[in-house]
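The lines below spell out each chain.
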Amino acid sequence: MSESTAKTASPLKAAIVRVTPFEQNCTLIWDDATKVGAVVDPGGDLDRIEQAIKEVGMKVEKILLTHGHIDHAGGAADLRDRLGVKIEGPHRNDGVLLDALEKQGEMYGISGVRNVKPDRWLDEGDKVTVAGHEFEIFHCPGHSPGSVVFFDRRQKFALVGDVIFRGSIGRTDFAYGDHDALISSIKTKLFPLGDDIAFICGHGPPSQFGPERLTNPFLV
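Residues numbered from 1 in each chain as written. Predicted model: local features only at pLDDT ≥ 70, side-chain atom pairs only at ≥ 80, totals over all residues. Heavy atoms only, no water.

**Structural notes on the overall build of the protein chain**
What counts, and what does not: The helix count covers DSSP runs of H or I at least four residues long, the strand count covers runs of E at least two residues long, and both are numbered beginning at the N terminus. To get the radius of gyration, use the C-alpha atoms; to get the globule rule, take the number of residues to the power 0.38 and multiply by 2.2 Å. Exposed residues in this analysis have more than 50% of their type's maximum accessible area, buried residues have under 20%, and partly exposed residues fall in between, with area computed by a 1.4 Å probe over protein chains only. Here, residues are in contact when the closest pair of their heavy atoms is within 4.5 Å. To measure how exposed things are, a 1.4 Å probe is used in the Shrake-Rupley method; for residues, cover is taken only from the protein chains shown. By the counting scheme adopted, Arg and Lys are positive, Glu and Asp are negative, and His together with the chain ends is not counted. Here the site of a charge means NZ on Lys, CZ on Arg, CG on Asp, or CD on Glu.
Secondary structure assignment for the protein chain yields seven helices and 14 strands. Against the 2.2 N^0.38 benchmark of 17 Å for 220 residues, the protein chain shows a C-alpha radius of gyration of 16 Å, consistent with a compact globule. In terms of principal-axis extent, the alpha carbons of the protein chain reach across some 45 × 45 × 30 Å. Sorting the 220 residues of the protein chain into buried and exposed places 55% on the buried side. Look at the contacts in the protein chain between residues 6 or more apart in sequence, and 58% of them connect residues 24 or more apart. Carbon and sulfur atoms provide 49% of the accessible area of the protein chain, an area that totals close to 9200 Å². A distance of 4 Å separates the average location of the 25 positive side-chain charges in the protein chain from that of its 32 negative side-chain charges.

Written as structure tokens, this is what we have:
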């Protein structure tokens, strides 16, 4: 587990727990004062996630999903049952993917995966709160039809799933992928938020929008 803060001296903290054979960044976010928080994209390896929760002393109030791929959502149903919390996200356009998680598991040889339906679908402009911290929702299709980004404007921090990475973007070669839509989402919705916005992505190290706007080969 690697730990970082969303912003220096911020009451909101984040820790990355890499899970599944895809090395997905399941992210724990919590308020440093109350220790209340959320699990973002629990794709699998739930024992590892629960151990990380214990290590940081976090009280989980909800699960957040950025999109419906197995490495992000494959463990969501079981973790919801274990913790007795609700799932928020992604956008309802990823319902077809969440309904096929078990088939995705068979395809990739990953066992113990269950289909899942969130307790709340998220739309553009919705708000999600985690321990009193407000996240704005941006619907950013392209990698998947229902991918969403969670943005904390006050702390200049975003959880972007597989929309954008350090030096790359989400793959769009799936049957439902849309490269032009993904690029448009990044350039018209995310980059205008500011160059100093830090983000945690679904794979690899965190980054900021500014360096990606200037150097990401898919976006310059």
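**Description of helix H5 (residues 101–108)**
We apply this condition: Picture the helix axis, draw a direction to every C-beta atom, and the arc is the one those directions span.
Listed as buried for H5 are Leu101, Gln104 and Gly105. For H5, the angular spread of buried residues about the axis comes to 105°, placing them on one side. Across from the buried face of H5, at angles greater than 90 degrees, the exposed residues are Lys103, Glu106 and Met107. Buried residues in H5 make contact with helix H2 (70–73) and helix H4 (95–98). Positive phi appears at glycine 109, one or two residues downstream of H5, with a value of about 70°.

**Here's the deal with a nonpolar patch on the surface**
We apply this condition: Residues forming no salt bridge and having over 30% relative accessible area are the ones grouped into patches, like charges within 9 Å of each other and nonpolar side chains (Val, Leu, Ile, Met, Phe, Trp, Tyr) within 5 Å. Just to be clear on terms, a salt bridge is a Lys or Arg side-chain nitrogen sitting within 4 Å of an Asp or Glu carboxyl oxygen.
Where nonpolar side chains cluster on the molecular surface, the patch consists of Phe22, Met107 and Tyr108 and spans about 330 Å² of accessible area. Secondary-structure assignment places tyrosine 108 in helix H5.

**Side note on the packing of aromatic side chains**
Aromatic ring pairs: the centre-centre distance and the angle between the two ring planes describe each pair. Threshold: Between the rings of Phe, Tyr and Trp (Trp by its six-membered ring), a pair exists once the centres lie within 6.5 Å; its type follows the angle of the planes, with under 30 degrees stacked, over 60 edge-to-face, and the other angles tilted.
Enumeration according to the criterion identifies five aromatic pairs in this entry. An aromatic cluster of at least three residues, connected via ring pairs, comprises Phe191, Phe199 and Phe209.

**A few points about helix H1 (residues 46–56)**
Within the sequence span of H1, burial applies to Leu46, Ile49, Ala52, Ile53 and Val56. One side of H1 carries all its buried residues, which in axial view fall inside an arc of 120°. Residues of H1 that are exposed and point more than 90 degrees away from the buried face comprise Asp47 and Lys54. Phi for glycine 57, located one or two positions after H1, is positive at around 70°.

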